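# Fold and contact review
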Amino acid sequence: MDFKRLDFPDGFTFGAATSSYQIEGHAFGGAGPTHWDSFAATPGNVVRGEHGARACDHYHRWPEDLDLMREAGFDAYRFSTSWARVMPGGRGAPNPEGLDFYDRLVDGMLERGLKPYATLYHWELPQPLADLGGWRNRDIASWFADFTTVIMSRIGDRVHATAPINEPWCVAWLSHFLGAQAPGMRDIRAAARAMHHVLLAHGKSTQAMRALGLKNLGAVMNLEYSAPADSTPEAAASARLYDGIYNRWFLSAVCRKEYPADVLEGLAPHMPENWQDDLDLIGAPIDWLGINYYTRKLIGPDDSGLWPHLTDVEGPLPKTAMGWEIYPEGLYHFLTWVHREFGDGLPIFVTENGMASYDRLEAGKVNDQPRIDYLNAHLDAVRRAIAEGVPVAGYFVWSLLDNYEWALGYDKRFGLVHVDFDTLERTPKASFLALKQALERREA
Ligand code: PNW
């Protein structure tokens, strides 16, 4: 890597992130059915019909995986808890095996000197709640607060930092308007409701954790840089709307207790009643902001007459296996912009950043030089932001392991560690070894 630990401020946190459904194996340990199992079982939704029943079998192999985290020299591990593993019905009786699992996992992190960064919801909604309307149903905010109390009563005393929800944009928009993730809807009304309810759930979950006396509570948003595809005012307007829906909607709600007027103009007719009354709870104080950053999109002009109708145009930059342009400048932009416009002095974490490639194991090695370059360029953007006074407090690579990349299945590999999905064998890639070297602590 182009950096050493010492090039970052004292106490800067380096980590890697994963999520429960993507690695654990949902067939194990008494987890209940989730809307991701149902979505994956419907032909056409997921490449090759792949699902998370076994995934990386992290449910059984977690000690080995935490050993890898330690071996890399990371300070912290960002993991998520599966609602359906902890409460198989989504409500009511918890599953003792599920609670025991996260209890052991958190202890396992502490034993290895890793700070646990928990995300309570990373997308596997219990199917019984999906049957009741899922994120379209306002009651989900209370169900989620109840789940929060159950899981955090068990592990909250040892977790270092917590975010209720991973990426509200994906939970709401990608899943209810773009149809790309469970439950696969394409409905503006469903999306507007989900956009509000996911934020309400964030607020109620935060409130439940404050009631338990927990600290270090944050919010994790995925941000995507949007640029006009051409120099027309129409493209500029489209890019601005994309930015509004994708980035400003969630940040404005959580940090300013308001929705951006330009997006609201289109969404207002679809919003649940009396949404204004919830903004105080949604915007209750938090302790840190998490940014997941991957890429930028070029947005073209639109003359469809539909709202919203955003078309992204293929960009000229080198792309990852996701087809996503590599644009480190966007991370620099977001760190400085979020700090200036929304942060109000809060510490900011890069809670996810990384790239997919089609890595191959050859003679026991994986040469993923493009990932090393990607991480170098983005960590350079982080250092530039820090040098300008942005309080960036940590950086988490997505992801520790190759894993279930949702609707794209298993061949888009984001891991620092290669996983053979037949044998489940783990092999650290060149990027893992390079990071390990950079993160080494040398005695003065
Ligand atoms: C994030 N998009 O998701 C998630 O937090 C991870 O679970 C996921 O594996 C990772 O990024 C890589 O995809 C996103 O379409 C998925 O804009 C899709 C989008 C953004 C983020």
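The shown structure was predicted, so the numbers you read here are calculated from the model rather than taken from an experiment.

## Side note on the packing of helix α8 (residues 168-176) against helix α9 (residues 188-211)
- One way to put it is that α8 packs onto α9 with a least axis distance of 8 Å and a crossing angle of 170°. Between α8 and α9, the angle is such that the two are roughly antiparallel. Across the interface between the two elements, Pro168, Val171, Ala172, Trp173 and His176 from α8 touch Ile188, Ala190, Ala191, Ala194, Met195 and Val198 from α9.
- Across the contact of α8 with α9, the residue classes break down as 10 nonpolar, 1 polar and no charged.

## Thoughts on the layout of surface pockets
- Volume-wise, the largest pocket comes out at about 950 Å³.
- Elements that contribute at least two residues to the lining of the largest pocket include exactly α8, β5 (218-228), α10 (233-256), β6 (288-299) and β7 (312-313).
- Per element, the largest residue contribution to the lining of the largest pocket is 8 residues, and it comes from β6.
- Split into classes, the residues belonging to the lining of the largest pocket amount to 28 nonpolar, 11 polar and 10 charged.
- Size it by volume and the second largest pocket reaches roughly 310 Å³.
- Looking at the second largest pocket, it is lined by 16 residues, and the ones nearest its centre are Arg5, Leu6, Phe8, Asp10 and Arg441.
- Looking at the lining of the second largest pocket, its residues break down into 6 nonpolar, 2 polar and 8 charged.

## Looking at the UniProt feature "binding site: substrate" (unreviewed entry) in the chain
- Per the UniProt entry, the sites bearing "binding site: substrate" (unreviewed entry) are Gln22, His122, Asn166, Tyr294, Trp398, Glu405 and Trp406 in this numbering. Checking the named residues against the largest pocket, the ones that line it are Gln22, His122, Asn166, Tyr294, Trp398, Glu405 and Trp406.
- Here Gln22 is in contact with Ala55, Cys56, His122, Trp398, Asn403, Tyr404, Glu405 and Trp406, once residues within four sequence places are set aside.
- Among the polar contacts listed, one links the side chain of Gln22 to the side chain of Ser19, at a separation of 2.8 Å.
- Relative accessible area serves as the criterion here: at 0%, Asn166 is assigned to the buried category.
- Discounting residues that sit within four places of it in the chain, Asn166 has contacts with Arg78, Thr119, Tyr121, His122, Trp123, Val171, Val220, Asn292 and Glu352.
- Side-chain polar atoms of Asn166 contact the side chain of His122, separated by 3.1 Å.

## Some points on the UniProt feature "active site" (unreviewed entry) in the chain
- In the numbering used here, UniProt assigns the feature "active site" (unreviewed entry) to Glu167 and Glu352. Spatially, the listed residues are clustered: although they cover 186 residues, their C-alpha atoms lie within 10.4 Å of one another. Checked against the lining of the largest pocket, the annotated residues just named reduce to Glu167 and Glu352.
- Note on Glu167: relative accessible area 5%, which makes it buried.
- Within the fold, Glu352 resides in strand β8 (residues 348-352).
- Given the relative accessible area of 3%, Glu352 is considered buried.
- If sequence neighbours within four positions are ignored, Glu352 has contacts with Ala17, Arg78, His122, Asn166, Glu167, Ile291, Asn292, Tyr293, Tyr294, Phe396 and Trp398.

## Quick look at the site of the ligand
- Not every one of the 19 residues close to the ligand is listed here, only the nearest: Gln22, His122, Tyr246, Glu352 and Glu405.
- At 2.8 Å, a side-chain N or O of Glu352 approaches an oxygen atom of the ligand.
- Bound to the protein, the ligand loses 92% of the 450 Å² it would expose on its own.
- Mapped onto the shell around the ligand, the elements with two or more residues apiece are α8 and β5.
- The biggest single contributor to the shell around the ligand is α8, with 3 residues.

## Examining helix α13 (residues 328-343)
- Along α13, the sharpest change in direction is near 25° and occurs at Trp337.
- Of the positions making up α13, those classed as buried are Pro328, Gly330, Leu331, Tyr332, Phe334, Leu335, Thr336, Trp337, Val338, Phe342 and Gly343.
- Tucked into the core, α13 has its buried residues touching β5, α10, β6, β8, α14 (369-387) and β9 (392-398).
- Directly beyond the C-terminal end of α13, a positive phi value near 50° is found at Asp344.

## Some thoughts on unusual backbone geometry
- The residue after Ala182, namely Pro183, is reached through a cis peptide bond having omega 10°.
- Assignment of secondary structure puts Pro183 in the loop between α8 and α9.
- Phi at Ala55 takes a positive value of approximately 45°, unusual for a residue other than glycine.
- Inspection of the secondary structure assignment puts Ala55 in the loop between α2 (35-41) and α3 (58-72).
- For Ala55, a relative accessible area of 4% corresponds to the buried category.
- With a phi close to 50°, Trp406 is a non-glycine residue in the positive phi region.
- With respect to the helices and strands, the residue Trp406 is situated in the loop between β9 and β10 (417-419).

## As for the packing of aromatic side chains
- Within the structure shown, the criterion is met by 42 aromatic pairs.
- Ring geometry for Trp83 and Tyr121: centres 6.1 Å apart, planes at 80°, overall edge-to-face. Of this pair, Trp83 sits in helix α4 (residues 83-86) while Tyr121 sits in strand β3 (residues 115-121), and the two are 38 residues apart along the sequence.
- Overall, Trp83 belongs to the buried group, its relative accessible area being 0%.
- Here Arg296 stacks its cationic end above the ring of Tyr327, 4.8 Å away from the centre of that ring.
- Positioned above the aromatic ring of Tyr332 is the side chain of Arg384, whose terminal nitrogen or guanidinium carbon lies 4.5 Å from the ring centre.

Scoring rules and cut-offs
- Residues numbered from 1 in each chain as written.
- Predicted model: local features only at pLDDT ≥ 70, side-chain atom pairs only at ≥ 80, totals over all residues.
- Heavy atoms only, no water.
- Axes fitted to C-alpha atoms, helices over the stretch in contact; angles between N-to-C directions.
- Helix = DSSP H or I, 4+ residues; strand = E, 2+ residues; numbered from the N terminus.
- Parallel < 35°, antiparallel > 145°, perpendicular 65-115°, else oblique.
- Contact = heavy atoms within 4.5 Å.
- Nonpolar A, V, L, I, M, F, W, Y, C, P; charged D, E, K, R; others polar.
- 1 Å grid on protein atoms, 1.4 Å probe; cavity = no way out; pocket = protein on both sides within 12 Å on 5 of 7 lines; lining within 4 Å.
- Points joined across faces, edges and corners; volume = space filled by probe spheres on them.
- UniProt positions renumbered as here; feature names shortened; annotations may be inferred.
- Polar contact = N/O pair within 3.5 Å; in protein donor to acceptor, adjacent residues only side chain to side chain.
- Buried < 20%, exposed > 50% of the residue type's maximum accessible area, 1.4 Å probe, protein only.
- Near = heavy atom within 4 Å.
- Areas by Shrake-Rupley, 256 points an atom, 1.4 Å probe, with all protein chains shown as cover.
- Bend = angle between axes of the 7 residues up to and from the residue.
- Phe/Tyr/Trp six-rings, centres within 6.5 Å; stacked < 30°, edge-to-face > 60°.
- Lys NZ or Arg CZ within 6 Å of the ring centre and 35° of its normal.

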